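Listed below, chain by chain, are the residues.
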Amino acid sequence: MASEILQKLCSKAKLDRDRGYSELEEFISRCDQDEIINAQQDFIRLLSEPDQGWESRHGGLSGARCLFEQGKIAIEDDGELDGGSSFAYLMIESSMLMLDHEEFRVRIAAGELLGVLCKVIGVEVYDRCREQILNGIRCNLERNCDSLGLSEDALDSPSTEQPESIMFGSPNTSARLIERRSSDSAQMLHDTAGWKSLETYMKCLQSVILGCGNKFNDYVDQELLDLIFEALTHTNRFVRETGFYVCSALVKCGEGVENDDDAELEERNAIYRHGKIFSEYLGNGLADNWSQVRMAGSVATRNFLMSLPSEEAREKFYPILIPRMCLNRYYMAEGVRIYSQESWRQVTKGEGKHLVEKYIQQVVEFYIQATDSNNHAVREAACACIAELGSKIDKAAVSPYVTKLLETLLICFNDDSWPVRDAACIACGHFVLCFPEESRSSLPALYPLFFNNLQDNIPSVRQGAAVAITNIVKAYGGAEQDFVFSKIKEGFEKIKEQPATSEKYENLDKSPATFGVVKHLRDNDMELHSNQQMYSCGSLAPKMGRGGGCMDHKFRKPPQPWELVDGCVNLLAELSQIQSLNAPVSKLLPAMANACTVKTYTHYPNLLETVCKQLPNFAKGLGKRSFKMFLEMFLDYIFEALDSDVVLASAAATQCLIDLSTFLGPGIVRGRIELYNSLYLPKYDSLPGLPH
């Protein structure tokens, strides 16, 4: 074999090793038997000679794997695995030896080679290495100083080489720094540190399971399941993640096993036989606090359900899995969300709505439970799912749970995380619109929360409140309609109370909010640094409280009048889309324009931005004829925003003029501008993108 290929296979650089493997594949595809034999000898030498670096061991294992994958090694009979000098026998022995190598990349390569050997030769390979693999997992599941081969003194030493991170790649730097600073060995062995060879042994098990395929079904016994299930409940998130990926390989063993009845399937399919406990652990994975574990659990769940031969077989596990799969379609982490949406399509085959209705009790119970999660992303997703129940699911199925769900959403209104408050507000609005009679008794509690959100310091929360309050007007009309319009008018008048120097966040940190939670400014007050929230490195789920009452918001500030006006502009724009409300909306447009006359505060451009964004919506809602009489009221404010140093306000004004010209006609808008103030015409004519 060409020395250049061997040199690349054993390079210290991963890019060179990958190139070497690609060149080896091409070389093997066109070489003769003599060259294959020479290649085997080269790989045996790399694995057997002493004083070789880990790169050579890795190159030998990768090269041997390539030979077997390309089908260039003839497997004559099972006897050659019992001993002797056959290449297959030597590679099995070398792989088993390398599973305990000090370099984790070598251990990964050894496991991958064993997986390929299982695929090429059969389950006899697993028979040979089974005890070592299971013992390797068992011995490393519980970590202590003895099992790591380290003394407490060694752990305290700054020069100690720490065990690898469970993650692929270099050790977790943060974990090592924390461990070195601590004098307590129990503290050193915290949740994010490595667990010696546990991950690589589990990866090896995953590889051999995939290699054996359906034939591994006979090896699924209680000993193996206990070991895997112990990993699925491990304190270390990387161990749990790897455990679920092993599970995703294991559940595939049942693929292709057909059945005539349930008893026969249980007898022939070990995964189905243990399906109840599998579904419980998979449910835990789908609800794990860490997104990576949740993703691995989602992969295992899809494989589990799709491996079962019929809908009848899957239905046994739907009460646990359907609610969790349904919620993950709204999960914040994009990978989990997209994968879960595709899993939902594959598993339900267009019958998802029917399945949610069928298991509505379990779904509601899980959603309510999820709103109490320590993970703010889970609480937000739960609120979105509750809103979906109100808008998409059959009302007869949801009606018995409306009161309970509204009570849950009322609690979420007081969450520390503003995305959760926003999602809860929108969900409540959906429920009021879909279940007006059942929700009527909750209106006294909902109104203060809705109007608090309407003046929230987060713009998207104000917009969500506008949508929710509009749903109340749609649901009830009458007295509720009059009340809402009176609150809007009152809100516009509040602008007179706006201080001349506004500060959007006042005593709050100006840096970007973490996890949707704004922070108080830090100072030297020890109370701000003691007994405070702790965040785990890499976690998307800090333990943020759900709040305790209407005014019990640790991270919220008193609203400023301009924020209330901003929310009222959004609300009035939403109401303008209801044709029957055109008259009361038109009456309030002068009050809205008058609110723009107060300009002395810092965030005046923010209000102009909202006005410019919403004016085209007013035009479409009220119609051309009705809106044209109000256009001139806002021209000064549009062109003031156009000249603003605030880029977002200027951009909103530009788009506003373009949209109005498109809707009303460029001639009409230009003519109104010319009649009102001809000095504005050059600015208008210079706008890019104006319709002709």
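Please read all numbers here as calculations on a predicted model, not as lab measurements.

Remarks on the state of the cysteines
Right, on to step 1. Counted according to the given criterion, the structure contains 0 disulfides.
Right, on to step 2. Here C204 is not cross-linked by a disulfide; its sulfur's nearest cysteine counterpart is in C129, at 5.9 Å.
Right, on to step 3. Of all cysteine sulfurs in the structure, the one in C656 sits closest to C612, which takes part in no disulfide; the separation is 5.0 Å.
Right, on to step 4. On the basis of relative accessible area, C612 is assigned to the buried category, the value being 2%.

Quick look at helix 23 (residues 360-370)
Three- or four-residue spacings in an α-helix give side chains the same orientation, since the helix completes a turn every 3.6 residues.
Right, on to step 1. Burial in helix 23 covers these residues: I360, V363, V364, F366, Y367, I368 and A370.
Right, on to step 2. In this fold, the buried residues of helix 23 make contact with helix 20 (318-328), helix 22 (352-358), helix 24 (376-392), helix 25 (395-398) and helix 26 (402-412).

What about the packing of aromatic side chains?
Right, on to step 1. Per the stated rule, a full pass over the model turns up 17 aromatic pairs.
Right, on to step 2. Where F413 meets F450, the ring centres are 5.7 Å apart and the plane angle is 75°; that geometry is what we call edge-to-face. In this pair, F413 is assigned in the loop between helix 26 and helix 27 (418-434) and F450 in helix 29 (residues 443-454), connecting sequence segments 37 residues apart. When sorted by exposure, F413 lands in the same class as F450, which is buried.
Right, on to step 3. Seen from their ring centres, F639 and Y680 are 4.3 Å apart, and the 5° between their planes marks the pair as stacked. Note that F639 is positioned in helix 35 (residues 624-642) and Y680 in the loop between helix 37 (666-676) and helix 38 (681-685), a separation of 41 residues in sequence. Pair check on accessibility: F639 and Y680 agree, each one buried.
Right, on to step 4. Among the aromatic residues, those joined into a cluster by ring pairs are F229, Y272, F278, Y281, F304 and F317.
Right, on to step 5. The ring of W344 has R329 sitting right over it, with the charged end atom 5.1 Å from the ring centre.

A few points about empty space enclosed by the protein
Right, on to step 1. A complete count under the given rule lists 4 cavities of 30 Å³ or more for this structure.
Right, on to step 2. Within this model, the largest cavity holds a volume of roughly 60 Å³.
Right, on to step 3. Mapped onto the lining of the largest cavity, the elements with two or more residues apiece are helix 18 (291-307), helix 20 and helix 21 (334-348).
Right, on to step 4. Looking at the lining of the largest cavity residue by residue, the classes come out as 3 nonpolar, 5 polar and 1 charged.

Section: the pattern of salt bridges
Right, on to step 1. Considering all chains together, one arrives at 28 salt bridges under this definition.
Right, on to step 2. K599 is the partner of E640 in a salt bridge, and the nearest nitrogen-oxygen pair spans 3.1 Å. Of this pair, E640 sits in helix 35 while K599 sits in the loop between helix 33 (582-595) and helix 34 (604-622), and the two are 41 residues apart along the sequence.
Right, on to step 3. A salt bridge links D643 to K683; the nearest nitrogen and oxygen atoms lie 2.5 Å apart. Residue D643 is found in the loop between helix 35 and helix 36 (647-664), and its partner K683 is found in helix 38; the two are separated by 40 residues along the sequence.

Here we look at the side chain of E609
Right, on to step 1. Along the chain, E609 falls in helix 34.
Right, on to step 2. Apart from residues lying up to four places away in sequence, E609 is in contact with L648, A649 and A652.

Thoughts on the confidence of the model for the protein
For any part of a model where pLDDT is low, the fine detail of the predicted coordinates should not be relied upon.
Right, on to step 1. For the protein, the mean per-residue pLDDT works out to 82, and 80% of the residues sit at or above 70.
Right, on to step 2. The weakest mean pLDDT in the protein belongs to helix 10 (residues 173-181) at 33; the strongest belongs to helix 32 (residues 561-575) at 96.
Right, on to step 3. Counting contacts from residues 533-543, a segment whose pLDDT is below 50, to residues more than four positions away or on other chains yields 26 contacts.
Right, on to step 4. Low pLDDT, under 50, characterises residues 547-555; the stretch is placed with 20 contacts to residues that sit more than four places away or in other chains.

About the thresholds
Residues numbered from 1 in each chain as written. Predicted model: local features only at pLDDT ≥ 70, side-chain atom pairs only at ≥ 80, totals over all residues. Heavy atoms only, no water. Disulfide = S-S within 2.5 Å. Buried < 20%, exposed > 50% of the residue type's maximum accessible area, 1.4 Å probe, protein only. Helix = DSSP H or I, 4+ residues; strand = E, 2+ residues; numbered from the N terminus. Contact = heavy atoms within 4.5 Å. Phe/Tyr/Trp six-rings, centres within 6.5 Å; stacked < 30°, edge-to-face > 60°. Lys NZ or Arg CZ within 6 Å of the ring centre and 35° of its normal. 1 Å grid on protein atoms, 1.4 Å probe; cavity = no way out; pocket = protein on both sides within 12 Å on 5 of 7 lines; lining within 4 Å. Points joined across faces, edges and corners; volume = space filled by probe spheres on them. Nonpolar A, V, L, I, M, F, W, Y, C, P; charged D, E, K, R; others polar. Salt bridge = Lys/Arg side-chain N within 4 Å of Asp/Glu carboxyl O. pLDDT = per-residue confidence, 0-100.

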